Structures are given as C-alpha cells and as structure tokens.
Amino acid sequence: MGLSIGIRGAGVAGLSLAHEILQAVPGAEISLFDVRERLPHPARTFCFFDSGVSPLPVEADHSWSRVAFSGPEFSRSLRCDTAPYTLIRGDRFFGAMLREVESRGARCVWGCARVDVQEGGISAGSGTERFDVVVDAAFSPNESRPILWQSFAGMWVEAGEDRFNPNEALLMDLGSSSNESPVSFVYLLPVSARRALIEHTTFSRALQPAPWHLAQCARWAEGAGLTGFSVLETEQGGIPMGLPAPSGGSARAGSGGGALRASTGYAFASIQRQVRAMALEIARGAGRDLAARPMRVFPRWMELGDAVFLRTLARAPEQGSVVMGRFLSRAPERELVSFLSGEAGLWAALKVMACMPKAAMLRTLCWG
Ligand SMILES: Cc1cc2nc3c(=O)[nH]c(=O)nc-3n(C[C@H](O)[C@H](O)[C@H](O)COP(=O)(O)OP(=O)(O)OC[C@H]3O[C@@H](n4cnc5c(N)ncnc54)[C@H](O)[C@@H]3O)c2cc1C
C-alpha cells in the first residue's frame, strides 16, 4: 500500500498539494474532503508575478511584460519581463487540477456537512478515517479577523474596436482615501486589443458591496474615455489582509497556513511554493513533522513589515493614497516588482520601504 494522505479543503492549496504529492510520492493515496460542492468552481481570476521559480501547474491565460501604476500626481510603466505579470482563470485552473488529480486516483469527497481534522485522521460524517499524513488546507475568509479587507468587484469587457494594449497591465490607478477605505484603485488587465478585465479594489475596514465597486469601474471607464463596450461577465470577492499567524496543532497549507501575503492579498504563487516544499517533505518521509514545524512561507521581517504597513493604513486611513503613491511612484523599478511578487530579499525590500512616509510608519511602530 502507498502512503495515505488526507487533505481537508479542495481549494487552490488542497488541489495544488494533491498535484505536487502525486508527482513527488509514487503510489500516494490521496483523499480530499470539502464542505463545498464540486461545481461550480470558485469564481476567481488569479494574477501574480511569475518569477519562474516554480513551474505553474496550469498554463497561463495571459502574461504581461510591463505593468503600470498611476495616481493623481504620477504615472509610471515598469518592465517586468523577468517576472511577467500572469493571469490564470479560476475555472480553467480548478477544472484542469481536478481532472488531473482524479485521473491519477485522488478521491474527492464533496458537500460534507462538516469536516474535522484530528491527529492522524479526518472525520467527515461517518466516523474517522486514518491517514499517514493529514494536512489542513481549508480556509473560510468569513471566519477571519484581518487588519483590513481587500474588497473588489470587476467586469470583463469587450470593445467593438481595438482599444487596449495587451502587452501592459495597469495594476493600480490610485483613487482617493476615505476613513472607511484607506486605499482605493482601479486595475485594467487587457488580454487582447478588445477584451479586458476592469476591477475596482479597496483596502477597507469592511467588505464593500459589489454594485458599488462595479459603479466605480463604470465611472473610471467613462473618465478614461472607454465607452461602447459590452460587459461579458462580472466577478467579486474579498481577501482578508493581515491574519494572525497560523496556530499549531495540525499541518496547514494555503491561506490558513500563512501563504496569504498580508500587504498585497496575493496567495496563488506562494501557495504553489509552499505546497511544493510540503510535498518534498512528505516524499522524504517527514510528513508527520509538518504539524510540529509549520512551514514559513514569507520571512519574518516581511511579515512584520507588512503588518506595520497595514496598521499604518488602518490608523491613518486618510493618508492611504499618500503612503501608496509615495512608494509606487518612487521605489526603484526592479526592487518594486520583486517586493510585490513577495520574493524580494531584505535589501531590495528596504529600498522599497525607504520610499514610504517614514513618520507615519514610525508612529505605528511606536504606538501600534
Ligand atoms: C475572488 C478572489 C480573487 C483572488 N485573486 C487572487 C489573485 O489574483 N492573485 C492571488 O495571488 N491571489 C488571489 N486571491 C487570493 C487567493 O489566491 C485565493 O483565495 C486562493 O483561492 C486561496 O487558496 P486556498 O486554498 O487558501 O483557499 P481556497 O481556494 O478558498 O480553498 C479553501 C477550501 O476550503 C474549503 N473549506 C472551508 N472551510 C472548510 C471546512 N470547515 N471543512 C472543509 N473544507 C472547508 C472551502 O470550501 C474551499 O474549497 C483571490 C481570492 C479571491 C476570493
């Protein structure tokens, strides 16, 4: 019999972990348990800087070699060809991953009323199933208490004529700050000369209603002279920013296992790195130790820096656009891209952080 592995949660982390284990551990017998139904797939679009450190489990839908940032007082365009900004559609990702892991024998149990993780076992209704290795990859954002929320909704649009530059993604066009939402911006991701995703995002104390975000998208498009397009579909979501460190007990992967970058809300690429490392540990027979020695996804200094950044926004919300505008407009090009991708070394990160308003950050450090 092969090594048996039980995974709670069949989202990005659970499925990616199953995929990695199937590559690294010949004969592994994997079972995944989730409270959601198999379909529909979670509606989301994954974007991230692809540094090529780890191969993607699913081919990208589009990638950009330039990214732009702008605000009321600045506009800049950066090359990112060493880590292209990459988009994978969620439905393609979940569909392809499920097909792959199921075709290789993984068992997925959907629609469980409740799934509990215990040492060496998972119970999902009728009794407890025992496994050699158990990983908790479940995540339920509504149960979290973050420092701020990243709240967003957007629309895939199609123009009747060529309107977009598919080689450059506008990552942030900064808007004004408010007490409720220290940061607010629109991004524009063109996947062809006629088709693009326009999304309005805020870093807010609470999630904002999707219709409000969509109205901001429409207003922004009108201001940018983008009219006469049709809306193909819309998407919405919320990502908790700045979660408490994962508590011990069981091996954890994904957003609940420290893979969600606090300052950006990005998790997709870091989850791929995390689960690959976990699969290698399992392959070398150290799977049971994962619970006792949780895998750190980001260095401690990055977690601390991100927490200070978020707390600064939360304690002085009216300064949000100034804080963001300063470092987006001034940080050196290469360091800014590696900082946003979550793969910056300490020196590169310090160069970026040095561009943030120091007095506001210091006040947070001194008074919390
Ligand atoms: C709309 C949206 C867009 C995003 N876009 C990006 C992006 O562009 N780039 C990026 O890097 N990140 C993005 N993220 C953040 C992050 O990458 C995703 O949330 C990603 O899905 C996180 O993977 P995960 O496995 O941690 O959580 P999920 O993929 O959400 O999987 C968690 C799974 O756990 C299950 N579950 C929950 N509770 C239980 C329980 N008690 N028992 C059993 N199962 C349970 C859920 O049903 C779910 O299937 C986005 C998030 C959202 C919501």
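In this report, the structure presented in the accompanying data block is examined. Since this is a predicted model, take the numbers as computed values, not measurements. (Residues numbered from 1 in each chain as written. Predicted model: local features only at pLDDT ≥ 70, side-chain atom pairs only at ≥ 80, totals over all residues. Heavy atoms only, no water.)

1. Description of the site of the ligand
In the neighbourhood of the ligand, 30 residues make up the surrounding shell, with Ala-13, Asp-34, Cys-47, Ser-255 and Ala-267 lying closest. A distance of 3.0 Å separates an oxygen atom of the ligand from a polar backbone atom of Val-12. Within the contact set of the ligand, an oxygen atom lies 2.8 Å away from a backbone nitrogen or oxygen of Ala-13. If the ligand stood free it would expose 970 Å²; the protein chains cover 88% of that surface. Every element with two or more residues in the shell around the ligand is listed here: helix H1 (12-24), strand S3 (45-49), strand S17 (229-241) and helix H4 (268-283). Looking at the shell around the ligand element by element, the count peaks at four residues for S17. Looking at the shell around the ligand, its residues break down into 17 nonpolar, nine polar and four charged. When we break the shell around the ligand down by domain, the ones giving at least three residues each are domain 1 (4-49 + 90-143 + 243-290) and domain 2 (148-241). (Near = heavy atom within 4 Å. Polar contact = N/O pair within 3.5 Å; in protein donor to acceptor, adjacent residues only side chain to side chain. Areas by Shrake-Rupley, 256 points an atom, 1.4 Å probe, with all protein chains shown as cover. Helix = DSSP H or I, 4+ residues; strand = E, 2+ residues; numbered from the N terminus. Nonpolar A, V, L, I, M, F, W, Y, C, P; charged D, E, K, R; others polar. Domains from an automatic or database assignment.)

2. Describing a nonpolar patch on the surface
On the surface, Leu-346, Trp-347 and Leu-350 cluster together to form a nonpolar patch covering roughly 350 Å² of accessible area. By the element assignment, Leu-346 lies in helix H8 (residues 346-353). (Patch = residues over 30% accessible without salt bridge, like charges linked within 9 Å, V, L, I, M, F, W, Y side chains within 5 Å. Salt bridge = Lys/Arg side-chain N within 4 Å of Asp/Glu carboxyl O.)

3. Looking at the packing of aromatic side chains
Enumeration according to the criterion identifies 13 aromatic pairs in this entry. Measuring from ring centre to ring centre gives 6.1 Å for Phe-309 and Phe-327, while their planes differ by 90°; the resulting arrangement is edge-to-face. Within this pair, whereas Phe-309 is found in helix H5 (residues 300-315), its partner Phe-327 is found in helix H6 (residues 320-330), the two being separated by 18 residues in sequence. Here the aromatic residues Phe-46, Phe-48, Phe-93, Phe-94 and Phe-268 are joined through ring pairs into a cluster of three or more. Looking at Arg-36, its charged tip hangs above the ring of Phe-94, at a distance of 5.7 Å from the centre. Positioned above the aromatic ring of Phe-339 is the side chain of Arg-261, whose terminal nitrogen or guanidinium carbon lies 5.0 Å from the ring centre. (Phe/Tyr/Trp six-rings, centres within 6.5 Å; stacked < 30°, edge-to-face > 60°. Lys NZ or Arg CZ within 6 Å of the ring centre and 35° of its normal.)

4. Here's the deal with the nonpolar core
Among the nonpolar cores identified, the biggest contains 46 residues, and Phe-69, Leu-189 and Phe-327 are the most heavily contacted of them. Per element, the largest residue contribution to this core is five residues, and it comes from H5. In this structure, Phe-327 is in contact with Arg-76, Phe-309, Leu-336, Phe-339, Val-352, Cys-355 and Met-356, ignoring residues within four places of it in sequence. Counting residues in each nonpolar core, the second largest holds 45 residues, with Ile-7, Ala-28, Ala-137 and Ile-282 among its members. (Core = buried A, V, L, I, M, F, W, Y, C linked by side-chain atoms within 4.5 Å. Buried < 20%, exposed > 50% of the residue type's maximum accessible area, 1.4 Å probe, protein only. Contact = heavy atoms within 4.5 Å.)

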